[in-house]
Amino acid sequence: MGEPLLAHTKDQLKAERIYDVLRKRIRDLELAPGAPLRKEELAVAFGVSRAPVSEALARLSEEGLVDIFPQHGSFVAKIRAEDVREGLFIRLGLETQAMRDVALARDPALLAQLDANIAAQAEALRRDELTQFYDLDEALHALIFGAVGRPRASRFLDSARAQLDRVRRLALPGGGRPEATFDEHRRLVEAIRMGDPEFAAAAMRAHLVEVTASVERQLAHLAAPEPR
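Rules and cut-offs
- Residues numbered from 1 in each chain as written.
- Predicted model: local features only at pLDDT ≥ 70, side-chain atom pairs only at ≥ 80, totals over all residues.
- Heavy atoms only, no water.
- Helix = DSSP H or I, 4+ residues; strand = E, 2+ residues; numbered from the N terminus.
- Buried < 20%, exposed > 50% of the residue type's maximum accessible area, 1.4 Å probe, protein only.
- Contact = heavy atoms within 4.5 Å.
- Areas by Shrake-Rupley, 256 points an atom, 1.4 Å probe, with all protein chains shown as cover.
- Lys, Arg positive; Asp, Glu negative; His and termini not counted.
- Charge placed at Lys NZ, Arg CZ, Asp CG, Glu CD.
- Phe/Tyr/Trp six-rings, centres within 6.5 Å; stacked < 30°, edge-to-face > 60°.
- Lys NZ or Arg CZ within 6 Å of the ring centre and 35° of its normal.
- Expected span 1.5 Å × (residues − 1).
- Arc of directions from axis to C-beta.
- Axes fitted to C-alpha atoms, helices over the stretch in contact; angles between N-to-C directions.
- Parallel < 35°, antiparallel > 145°, perpendicular 65-115°, else oblique.
- Left-handed = near helix turned anticlockwise from the far one by under 90°.
- Nonpolar A, V, L, I, M, F, W, Y, C, P; charged D, E, K, R; others polar.

Asks: What should I look at first to understand the overall build of the protein in this one?
Replies: Across its full length, the protein holds nine helices and three strands. With respect to the principal axes defined by its C-alpha atoms, the protein has extents near 60 × 55 × 35 Å. When each of the 228 residues of the protein is scored for burial, the buried share is 40%. Within the protein, residue pairs in contact and separated by at least 24 positions form 75% of the contacts whose partners lie at least 6 positions apart. Roughly 12,500 Å² of accessible area belongs to the protein as shown, and the carbon and sulfur atoms make up 56% of that amount. Measuring between centres, the 33 positive side-chain charges of the protein sit 2 Å from its 36 negative side-chain charges.

Right under this line is the structure:
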């Protein structure tokens, strides 16, 4: 009984590692939409059997990041506008409410973490390190929502963001958006510091409206026909 259970646990850990690596590579666009995901090659690359690879791909499929076609293979999912817009809808509801809660709490420890994040964002922009800036952007939102203490809602939000983040990776470098995003982030932190829940919620809503506008521009660009 003990050995099969231990083997199952090891397979789960392997599947979790593969899931985390592939998910990040998909979200960071290192694996392009439509790219094939061959189980045999992935198994060799990760040094595992096909079973944990299959489990990881199944989880990514549930999030809409991988398309699995029986007898044809698995592929990185195309960026679908309806999935992206649903992610935006979920973010707007959950993160706006989170701002109300954290503004009411005004936790000094959280504010110190947010201030450190903002300082790091400023340094990343100064050095033109947009990948680091993007990671800090994600971390800021994770800090705010994590402070609410709703782990199931946090997992749901992270799943919703997965579709959105690929488009944001495309949209972020253009049109002065990093600098605008940084200013919006600073306003979020100051709104929390003020302790007014409705003002804080409005700050998050305004930020996500700008995110939505940027994403919609990128979706329109992706949908435009290729020039002949």
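Read on for the rest.
Asks: Honestly, the packing of aromatic side chains in this entry has me stumped. Any pointers?
Replies: Scanning the entire structure with this criterion turns up one aromatic pair. Look at Phe69 and Phe75: their rings are 6.1 Å apart centre to centre, the planes differ by 55 degrees, and that puts the pair in the tilted class. Under the relative-accessibility criterion, Phe69 is labelled partly exposed at 42%. Taking the relative accessible area as the measure of exposure, Phe75 reaches 27% and is therefore partly exposed. A cation over a ring is seen here: Arg59 above Tyr19, with NZ or CZ 3.7 Å from the ring centre.

Asks: Would you explain helix H3 (residues 50-62) in this entry?
Replies: Helical periodicity: at 3.6 residues per turn, an α-helix aligns residues three or four positions apart in one direction. Between its terminal C-alpha atoms H3 stretches 18 Å, which fits the 18 Å expected from 13 residues at 1.5 Å a residue. When H3 is considered as a whole, its buried residues turn out to be Pro52, Val53, Ala56, Leu57 and Leu60. An end-on view of H3 places all buried positions within 135 degrees of arc, on one side of the element. Two residues or fewer past H3, Gly64 is found with a positive phi of approximately 80 degrees.

Asks: Where do I start with the packing of helix H8 (residues 177-194) against helix H9 (residues 197-223) in this structure?
Replies: Relative orientation and spacing of two packed helices are given, respectively, by the angle between their axes and the distance between those axes. Their axes nearest at 8 Å, the elements H8 and H9 cross at an angle of 165 degrees. By the angle between their directions, the pair H8 and H9 is classed as roughly antiparallel. Seen along the crossing, H8 lies across H9 with a hand that is left-handed. Contacts between H8 and H9 involve Arg177, Thr181, Glu184, His185, Arg187, Leu188, Ala191 and Met194 on the former and, on the latter, Phe199, Ala200, Ala203, Met204, His207, Glu210, Val211 and Ser214. Here the contact of H8 with H9 is built from residues that sort into eight nonpolar, four polar and four charged.

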